[in-house]
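Inside the fold
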Amino acid sequence: MNDVELFHDLRMPMQLILSSAQMLKLSLSDPTLDGAAYADLMMSAVRQAQRLLESALDRGAPALPRYRNGDLVACVRGLVASCRPYADERGVALGFETNAASLMLALDEDGLSRILLNLISNALRFTPAGGAIRVVLTALGDAAELTVSDTGPGIPPERQPWVFLRGETDGGYGHGLAIARERARDMGGELTLRSVPGEGAAFTLRLPVRAAEAG
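As a starting point, this report considers the structure included with it. Every value quoted in this text rests on a predicted model; they were computed, and no experiment measured them.

1. A few points about the sheet that holds strand β7 (residues 201-208)
One open sheet holds the five strands; their spatial order is β2-β4-β5-β7-β6, and the pairing between them is mixed. Two strands close off the open sheet at either side, each with one partner strand: β2 (93-98) and β6 (190-195). The average undirected angle you get between the axes of adjacent strands in this sheet is 15 degrees. Two strands pair when backbone bridges link them, and β6 and β7 are joined in this way by six bridges, in the antiparallel orientation. Counterpart to R194 in the pairing with β7 is A202. Of the strands in this sheet, β2, β4 (132-139) and β5 (143-150) touch helix α3 (residues 72-89), which is tilted by about 170 degrees from β2.

If you want it as structure tokens, here you go:
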């Protein structure tokens, strides 16, 4: 992971820490707010930042996926929940849907976190207050699809071929989508875009389902 990737990937966890801390502070004077839940979200974001920093320390090793047995549904649900204070702060509804109660597999949780946080962060940048972001996880047997869609302005057709290129800043896409697609391909998957101007954008991550190891 180079410095540009590290700085970019740290932006979302740091924003989540700030948003959760602000909500935690509000909970001290508002008993209707669940302060413990916001503290948990803040600690989750801190752990995400720690993992990114630890990965950056080993600059000589390639950024290969690290698979462990895990529940993809629980992982995605937790990541979406961690982003909700930031979405609430911006006046954007952030929802999660899935067709599976759980999906145990060999999971690169750090890689998935980097991809999903980049996609949600990007959607939040372009979705105005009052809009919505939907995260939909679909189990397809030998594959799983994770789609992040928004109600923002969409991406013009002439810009769409360029959004996954590193350094593509016209329109504010920057490095995030390039990093997300590279991580997806490292995991044997693909990241694609569907967008109609005026109707928002939808990014779909398709990953092969690797069987969880016994034990």
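2. Thoughts on the nonpolar core
Judged by nonpolar contacts, the single largest core of 46 residues is most densely connected at L72, V76, L112, L116, I120 and V135. No other element matches α3, which puts nine residues into this core. For V76, the residues in contact, after removing those within four places along its chain, are F96, L112, L116, V135, L137 and L146.

3. A short note on the layout of surface pockets
By volume, the second largest pocket is sized at about 170 Å³. Every residue lining the second largest pocket is counted, 13 residues in all, and those nearest its centre are S44, R51, L79, E109 and S113. Among the elements that take part in the lining of the second largest pocket, helix α2 (residues 35-57) stands out by supplying five residues, more than any other.

4. Some remarks on the packing of helix α4 (residues 109-126) against helix α5 (residues 176-186)
Viewed as axis vectors pointing N to C, α4 and α5 meet at an angle of 150 degrees, and their least axial separation amounts to 9 Å. Taken as axis vectors, α4 and α5 run roughly antiparallel relative to one another. Read as a crossing pair, α4 and α5 show a hand that is left-handed. Here R114, I115, N118, L119 and N122 of α4 come into contact with α5, specifically with G176, L177, I179, A180, R183 and A184. Residue classes in the contact of α4 with α5 are distributed as six nonpolar, three polar and two charged.

5. Some remarks on empty space enclosed by the protein
Using the criterion set out here, one finds three cavities of 30 Å³ or more in the structure. Size it by volume and the largest cavity reaches roughly 90 Å³. As for the largest cavity, its lining consists of Y67, L72, L105, A106, L107, D108, A144, M187, L207, P208, V209 and R210. Broken down by secondary-structure element, the contributors of at least two residues to the lining of the largest cavity are β3 (104-107) and β7. No other element matches β3, which puts three residues into the lining of the largest cavity. Of the residues assigned to the lining of the largest cavity, the class counts are ten nonpolar, no polar and two charged.

What counts, and where the lines are drawn
- Residues numbered from 1 in each chain as written.
- Predicted model: local features only at pLDDT ≥ 70, side-chain atom pairs only at ≥ 80, totals over all residues.
- Heavy atoms only, no water.
- Pairing = 2+ DSSP bridges.
- Helix = DSSP H or I, 4+ residues; strand = E, 2+ residues; numbered from the N terminus.
- Axes fitted to C-alpha atoms, helices over the stretch in contact; angles between N-to-C directions.
- Contact = heavy atoms within 4.5 Å.
- Core = buried A, V, L, I, M, F, W, Y, C linked by side-chain atoms within 4.5 Å.
- Buried < 20%, exposed > 50% of the residue type's maximum accessible area, 1.4 Å probe, protein only.
- 1 Å grid on protein atoms, 1.4 Å probe; cavity = no way out; pocket = protein on both sides within 12 Å on 5 of 7 lines; lining within 4 Å.
- Points joined across faces, edges and corners; volume = space filled by probe spheres on them.
- Parallel < 35°, antiparallel > 145°, perpendicular 65-115°, else oblique.
- Left-handed = near helix turned anticlockwise from the far one by under 90°.
- Nonpolar A, V, L, I, M, F, W, Y, C, P; charged D, E, K, R; others polar.

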